[in-house]
Amino acid sequence: ELGVRHVMVWYRIGEVFQQHVSRRPREALMEEMLAAVRAARQAGAVVNLFLPECSRASLEHILAAARAAEQEGASAVSVVDSQGVARPAAIRFLVQQLKQATGLGVEVHCHNDFGLAVANVLAAYEGGADALNVSVNAVGYRAGNAALDEVVMALEVLYGVDTGLRLDLLPELSRLV
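Described in the following lines is the structure provided in the data block. (Residues numbered from 1 in each chain as written. Predicted model: local features only at pLDDT ≥ 70, side-chain atom pairs only at ≥ 80, totals over all residues. Heavy atoms only, no water.)

1. Some points on the overall build of the protein chain
(1) Moving on: Per the secondary structure count, the protein chain includes seven helices and five strands.
(2) Moving on: Counting from the amino terminus, the protein chain carries its helices and strands in the arrangement β-α-α-β-α-β-α-β-α-β-α-α.
(3) Moving on: Taken along the three principal axes of its C-alpha coordinates, the protein chain extends 50 × 35 × 30 Å.
(4) Moving on: Counted over contacts in the protein chain with a minimum sequence separation of 6, partners at least 24 positions apart contribute 73%.
(5) Moving on: On the protein chain, roughly 9300 Å² of surface is accessible, and the fraction owed to carbon and sulfur atoms is 54%.
(6) Moving on: Averaging the locations of the 15 positively and 20 negatively charged side chains of the protein chain gives two centres separated by 5 Å. (Helix = DSSP H or I, 4+ residues; strand = E, 2+ residues; numbered from the N terminus. Contact = heavy atoms within 4.5 Å. Areas by Shrake-Rupley, 256 points an atom, 1.4 Å probe, with all protein chains shown as cover. Lys, Arg positive; Asp, Glu negative; His and termini not counted. Charge placed at Lys NZ, Arg CZ, Asp CG, Glu CD.)

2. Observations regarding the pattern of salt bridges
(1) Moving on: The final tally for this structure, using the stated rule, is eight salt bridges.
(2) Moving on: Across the salt bridge formed by Glu32 and Arg24, the nearest N and O atoms sit 3.0 Å from each other.
(3) Moving on: The partner of Asp113 in a salt bridge is Arg142, and the shortest N-O contact between them spans 2.8 Å. Placement of the pair is Asp113 in the loop between β4 (105–110) and α5 (117–126) and Arg142 in the loop between β5 (131–132) and α6 (148–158), with a sequence separation of 29 residues.
(4) Moving on: Three or more residues joined by partner-sharing salt bridges are found here, namely Glu31, Arg38 and Glu72. (Salt bridge = Lys/Arg side-chain N within 4 Å of Asp/Glu carboxyl O.)

3. Here's the deal with the packing of aromatic side chains
(1) Moving on: Using the criterion set out here, one finds two aromatic pairs in the structure.
(2) Moving on: Measuring from centroid to centroid gives 4.9 Å for Trp10 and Phe50, while their planes differ by 35 degrees, and the two rings are tilted. Residue Trp10 is found in strand β1 (residues 6–10), and its partner Phe50 is found in strand β2 (residues 46–51); the two are separated by 40 residues along the sequence.
(3) Moving on: For Phe50, a relative accessible area of 6% puts it in the buried group. (Phe/Tyr/Trp six-rings, centres within 6.5 Å; stacked < 30°, edge-to-face > 60°. Buried < 20%, exposed > 50% of the residue type's maximum accessible area, 1.4 Å probe, protein only.)

4. Some remarks on unusual backbone geometry
(1) Moving on: Phi at Asn137 is positive, roughly 60 degrees, even though this residue is not glycine.
(2) Moving on: Structurally, Asn137 can be placed in the loop between β5 and α6.
(3) Moving on: With relative accessibility at 33%, the residue Asn137 sits in the partly exposed group.
(4) Moving on: A positive phi is found at Arg142, a non-glycine position, where the angle reads about 60 degrees.
(5) Moving on: What makes Arg142 partly exposed here is its relative accessible area of 48%.

5. Points about the sheet that holds β4
(1) Moving on: Strand order in the open sheet formed by five strands is β1-β2-β3-β4-β5, and the pairing between neighbours is parallel. With one partner strand each, in any of the chains shown, β1 and β5 form the two edges of the open sheet.
(2) Moving on: Looking at chain direction, β2 and strand β3 (residues 76–81) are connected through four bridges and run parallel. Within the sheet, the bridge partner assigned to Leu51 lies in β3 and is Val79.
(3) Moving on: Of the strands in this sheet, β3, β4 and β5 touch α5, which is tilted by about 170 degrees from β4. (Pairing = 2+ DSSP bridges. Axes fitted to C-alpha atoms, helices over the stretch in contact; angles between N-to-C directions.)

Spelled out as structure tokens, the structure:
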């Protein structure tokens, strides 16, 4: 009724969270996520399955969650490196696996705890990601996220991608933020 058309359903897939924080069986958490996907789809929303901590989850678990969400009507999945512990090759591999195993759009959301957020986002692009999460000045909680200016300039200059962005406005945007 509010007019929301896109919904992000979170599934805290990390085994540490599932076993030691939620202390609920994986099956119950998965069913809760699927019920949320179903409810959002029944309400007419486009659904993105957001997977915090998936860089610390097994590939089997990630693919099972993505496939199940897709069967319930999700149209995208977000690879989330919540602690910034993934390396570029792992992110590229995970994106490729999700693209091959599902029909879902794949986006990435990387944190910068070890200074790898930009490298990971670019590796995701190389792996076929459909959307890259970035932030102005790399601002984000804890260690920040992939920097908009660095990702955009790498895509434009190193990869030859026309992002369609007004690059001349990046310094002004950075100062404003």
